[in-house]
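This is what each chain is made of:
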Amino acid sequence: MEDARADAAPIGVKEHYRRLGVGLRRPHNWFEAFRFCVVGASGYVVNLAVFYLLDRRMPYLLGFTVAFVVAATSNFFWNRLWTFRVHHGVPHLQYARFLSVSALALAIDLGVLSALVEGAGMGHVPAAAVAILIATPVSFVGNKFWSFR
């Protein structure tokens, strides 16, 4: 049996905007965004704390990557259980999707972090704090619509 979505025509830009408008009017989506931010805030603290501990022990981009993986793993479990309240699907496949989205966010983080440290002369930890904030919207959208759909 073939996937029913394979026969469906792709939706246009107008339909995407309509769906976005409908989604923005649903309180459920705003509560999800709030919970995502709470989980993200805990991950933000974990990320910065681990990065602070590793910063003097290894190159800063490697230390940030390790800290990011620790925080992302924590965030996956909290987002699955509390933010998106997912009780379906295969957790390790969702984790693989989550890590794919996280890899994109990490690439943004590392680019911003490097630019702020190397280009603007910012300290490592303050630059990391800014980089994480910049990548957060990409992470939310990717996880809501792909990892935990």
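Rules of the game
Residues numbered from 1 in each chain as written. Predicted model: local features only at pLDDT ≥ 70, side-chain atom pairs only at ≥ 80, totals over all residues. Heavy atoms only, no water. Helix = DSSP H or I, 4+ residues; strand = E, 2+ residues; numbered from the N terminus. Buried < 20%, exposed > 50% of the residue type's maximum accessible area, 1.4 Å probe, protein only. Areas by Shrake-Rupley, 256 points an atom, 1.4 Å probe, with all protein chains shown as cover. Lys, Arg positive; Asp, Glu negative; His and termini not counted. Salt bridge = Lys/Arg side-chain N within 4 Å of Asp/Glu carboxyl O. Contact = heavy atoms within 4.5 Å. Core = buried A, V, L, I, M, F, W, Y, C linked by side-chain atoms within 4.5 Å. Phe/Tyr/Trp six-rings, centres within 6.5 Å; stacked < 30°, edge-to-face > 60°. Expected span 1.5 Å × (residues − 1). Axes fitted to C-alpha atoms, helices over the stretch in contact; angles between N-to-C directions. Parallel < 35°, antiparallel > 145°, perpendicular 65-115°, else oblique. Left-handed = near helix turned anticlockwise from the far one by under 90°. Nonpolar A, V, L, I, M, F, W, Y, C, P; charged D, E, K, R; others polar.

A. Representation of the overall build of the chain in the model. Per the secondary structure count, the chain includes 5 helices and 0 strands. Secondary structure elements in the chain, listed N-terminal to C-terminal, are α-α-α-α-α. The burial tally for the chain puts 35% of its 149 residues in the buried class. Element-wise, carbon and sulfur atoms account for 70% of the exposed surface of the chain, whose accessible area totals about 9,400 Å².

B. Local environment of the side chain of Arg35. Relative to the helices and strands, Arg35 is located in helix H2 (residues 27–54). Buried within the structure, Arg35 lacks any salt-bridge partner; its nearest side chain of opposite charge belongs to Glu32, at an N-O separation of 4.7 Å. Once residues lying within four places of it in the same chain are set aside, the contact partners of Arg35 are His28, Trp82, Thr83 and Arg85.

C. View of the nonpolar core. Among the nonpolar cores identified, the biggest contains 27 residues, and Phe51, Phe64, Phe68, Phe84, Leu113, Ala128 and Phe148 are the most heavily contacted of them. Where this core is concerned, the elements lending two or more residues are H2, helix H3 (60–83), helix H4 (91–119) and helix H5 (124–147).

D. Structural view of the packing of aromatic side chains. If you walk through the whole model with that rule in mind, you get 8 aromatic pairs. With 6.2 Å between their ring centres and 50° between their planes, Phe36 and Phe84 make a pair best called tilted. Placement of the pair is Phe36 in helix H2 and Phe84 in the loop between H3 and H4, with a sequence separation of 48 residues. Taken as a pair, Phe36 and Phe84 share a single burial class, namely buried.

E. Layout of the side chain of Asn75. By the secondary structure assignment, Asn75 is in helix H3. On the accessibility criterion, Asn75 (14% relative accessible area) is buried.

F. Representation of the environment of Asn29 in the model. Its location among the elements puts Asn29 in helix H2. Asn29 sits in the buried class, given a relative accessible area of 19%. Separated by 115 residues in the primary sequence, Asn29 and Lys144 have C-alpha atoms spaced 9.6 Å apart.

G. Fine view of H4. Compared with an ideal rise of 1.5 Å per residue, which puts 29 residues at 42 Å, H4 spans 40 Å between its outermost C-alpha atoms and is within 8% of the ideal. Taken residue by residue, H4 has Gln94, Phe98, Val101, Ser102, Ala105, Leu106, Asp109, Val112, Leu113, Leu116 and Val117 as its buried positions. For H4, the elements touching its buried residues are H3 and H5. In the segment just after H4, Gly121 is the residue with positive phi, at about 70°.

H. Structural view of the packing of H2 against H3. The contact between H2 and H3 brings their axes to 8 Å, and the two run at 150°. Classified by the angle their axes make, H2 and H3 are roughly antiparallel. In the crossing of H2 with H3, the sense of the turn from one axis to the other is right-handed. When the residues that make up the contact of H2 with H3 are grouped by side-chain class, the tally is 16 nonpolar, 8 polar and 2 charged.

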